Amino acid sequence: MPHSRSRRRSSEYGDFWPGYVDMLSTLLLVFTFLLSIFMVTQYLVTQEANIKNTALKNLNSQMLELENLLYYERKKFQSKHDETILLRETLNQLKGEKKNLQDYIKVISINADAASSRASELSSKLDKQKKISKVASTRIDTLNQQLIAMRKRIVVLNEALDASSKLAAKSRAQVKDIDSRLNAVLARQLKELKRYRSDFFGRLRILLQSREDIRIVGDRFIFQSEVLFPSGKAKLSSQGLDALDKLANAILKLSKEIPKEIKWAIQVDGHTDIQPISSDNFPSNWELSTGRSMSVVRYLISRGVPPQRLVAAGYGEYQPLSTERTPKAMRRNRRIELKLTNR
């Protein structure tokens with residue numbers, strides 16, 4: 001009996017051991033396969049990151065060139081502007097001088113007419129007043145010479161006035177061209193900011209897609225107040241911190257991607273319903289809506305968001321989404337809105 005038992009046990013172990021070895025070999029192969037997939041995936045991710053970093057460096061270089069071009073264009077614009085002001089002052093002086101000369105010519109003409117009349121009278125009395133006639137004739141010649149000189153001076157002034165007008169017109173055209181270039185640069189920056197806004201809201205939509213009380217409407221991201229605050233309070237509740245953490249992470253990623261020369265900010269707007277409130281901390285809905293937007297801004301700053309990229313505003317009950325007085329409509333009006341905008 002003992003020998004038969006011993007043989008039975010060794011037969012059982014002999015049947016079990018090959019299967020155990022096969023199972024270990026299979027697990028080793030699976031582990032090796034998974035490790036290979038992980039290494040290939042890691043390599044591809046590294047390559048994609050390098051490509052994005054190269055594209056970002058190129059974009060920063062282009063924006064730096066645009067900034068330098070904008071600086072020189074502004075400098076040229078200032079120089080042309082100063083030159084235009086100087087030309088206008090010169091033009092005004094020439095106009096004043098021209099008017100003075102015209103008045104002087106009128107006086108000379110009157111004097112010349114008077115002298116001619118006097119000469120006619122003296123001619124009839126030539127025998128008696130030769131000396132007086134000679135003086136009068138000399139005076140007439142002098143006045144005529146002055147009149148001719150004044151007319152020549154007027155011609156010169158008119159030519160200078162025409163030249164100044166042409167130069168001023170040319171300067172205005174150059175200023176208009178510079179304005180067009182500046183507007184084009186600003187338009188490109190706004191277009192690029194719009195693209196970043198679309199990416200930003202797309203990320204938030206993915207991060208917070210499971211929350212029915214958080215939605216995107218147009219260019220605004222809307223939190224219902226109940227998600228973040230207790231009723232009538234401006235202190236953040238614990239259930240809203242998770243959503244704000246995701247929001248802060250998205251803003252931090254956005255701040256690394258947008259070029260530094262683009263001026264942007266996240267505007268946080270607080271809104272309440274039409275129900276009046278009066279307490280020591282919040283005398284009206286103005287204070288409540290502003291306090292709530294400030295609480296959101298302070299929390300985002302505590303999560304690392306740069307303060308210069310945040311704007312807080314309170315609108316009270318004066319910009320409702322619905323004018324109805326139903327509980328559902330008033331709940332919609334109690335909200336925090338976020339907007340990516342340029343400064």
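Before reading on, note that the structure itself is shown above.
Throughout what follows, the structure given in this document is the object of discussion. Quick caveat, the model's predicted, so the values are computed rather than measured.

## Here we look at the pairing of strand β2 (residues 220–224)
Burial of β2 is extensive: four of the five residues sit out of reach of the surface. When β2 meets strand β5 (residues 335–342), the two strands line up antiparallel, connected through five bridges. Of the residues in β5, the one forming a bridge with I222 is E337.

## As for helix α5 (residues 285–302)
Given a rise of 1.5 Å per residue, 18 residues ought to cover 26 Å, and the 26 Å separating the end C-alpha atoms of α5 matches this to within 8%. When we look at burial in α5, the residues that qualify are N285, L288, S289, G291, R292, S293, S295, V296, V297, Y299 and L300. The elements touched by buried residues of α5 are α3 (225–228), α4 (238–257), β3 (264–271), β4 (310–314) and β5. Phi for G304, located one or two positions after α5, is positive at around 100°.

## A word on the nonpolar core
The biggest cluster of nonpolar side chains holds 26 residues, and the ones touching the most others in it are F223, L228, I266, V296 and L300. Mapped by element, the contributors of at least two residues to this core are β2, α3, α4, β3, α5 and β5. Here this core takes six residues from α4, the largest share from any one element. Core analysis: the second largest hydrophobic core is formed by eight residues, L94, I105, L147 and L157 among them.

## Digging into the pairing of β3
Counting buried residues along β3, eight of its eight residues qualify, which places the element largely inside the surrounding structure. Neither face of β3 is exposed, since W264, I266, V268 and G270 on one face and A265, Q267, D269 and H271 on the opposite face are all buried. As paired elements, β3 and β5 share eight bridges and run antiparallel to each other. Bridging from a neighbouring strand, I266 pairs with L340 of β5.

## Brief notes about the packing of α4 against α5
Between α4 and α5, the least distance of the axes is 10 Å, while the angle of their chain directions is 60°. As judged from the angle between their axes, α4 and α5 are oblique. Relative to α5, the crossing made by α4 is right-handed. Residues L241, L244, D245, L247, A248 and I251 of α4 pack against V296, Y299 and L300 of α5. When its residues are assigned to classes, the contact of α4 with α5 shows eight nonpolar, no polar and one charged.

## So, the pattern of salt bridges
Two side chains of opposite charge can pair, provided their charged atoms sit close to one another. The tally for this structure, following the rule as stated, stands at ten salt bridges. The shortest N-O distance in the salt bridge between K52 and E48 comes to 3.6 Å. Taken together, the positions of K52 and E48, both in helix α1 (residues 2–124) and four residues apart, correspond to about one turn of that helix. A salt bridge links K99 to D103; the nearest nitrogen and oxygen atoms lie 3.4 Å apart. On the criterion of helical spacing, the pair formed by K99 and D103 is a turn pair, its members being four residues apart in helix α1. Sharing partners across several salt bridges, the network here consists of R220, D269, R335 and E337.

What counts and how
Residues numbered from 1 in each chain as written. Predicted model: local features only at pLDDT ≥ 70, side-chain atom pairs only at ≥ 80, totals over all residues. Heavy atoms only, no water. Buried < 20%, exposed > 50% of the residue type's maximum accessible area, 1.4 Å probe, protein only. Helix = DSSP H or I, 4+ residues; strand = E, 2+ residues; numbered from the N terminus. Pairing = 2+ DSSP bridges. Expected span 1.5 Å × (residues − 1). Contact = heavy atoms within 4.5 Å. Core = buried A, V, L, I, M, F, W, Y, C linked by side-chain atoms within 4.5 Å. Axes fitted to C-alpha atoms, helices over the stretch in contact; angles between N-to-C directions. Parallel < 35°, antiparallel > 145°, perpendicular 65-115°, else oblique. Left-handed = near helix turned anticlockwise from the far one by under 90°. Nonpolar A, V, L, I, M, F, W, Y, C, P; charged D, E, K, R; others polar. Salt bridge = Lys/Arg side-chain N within 4 Å of Asp/Glu carboxyl O.

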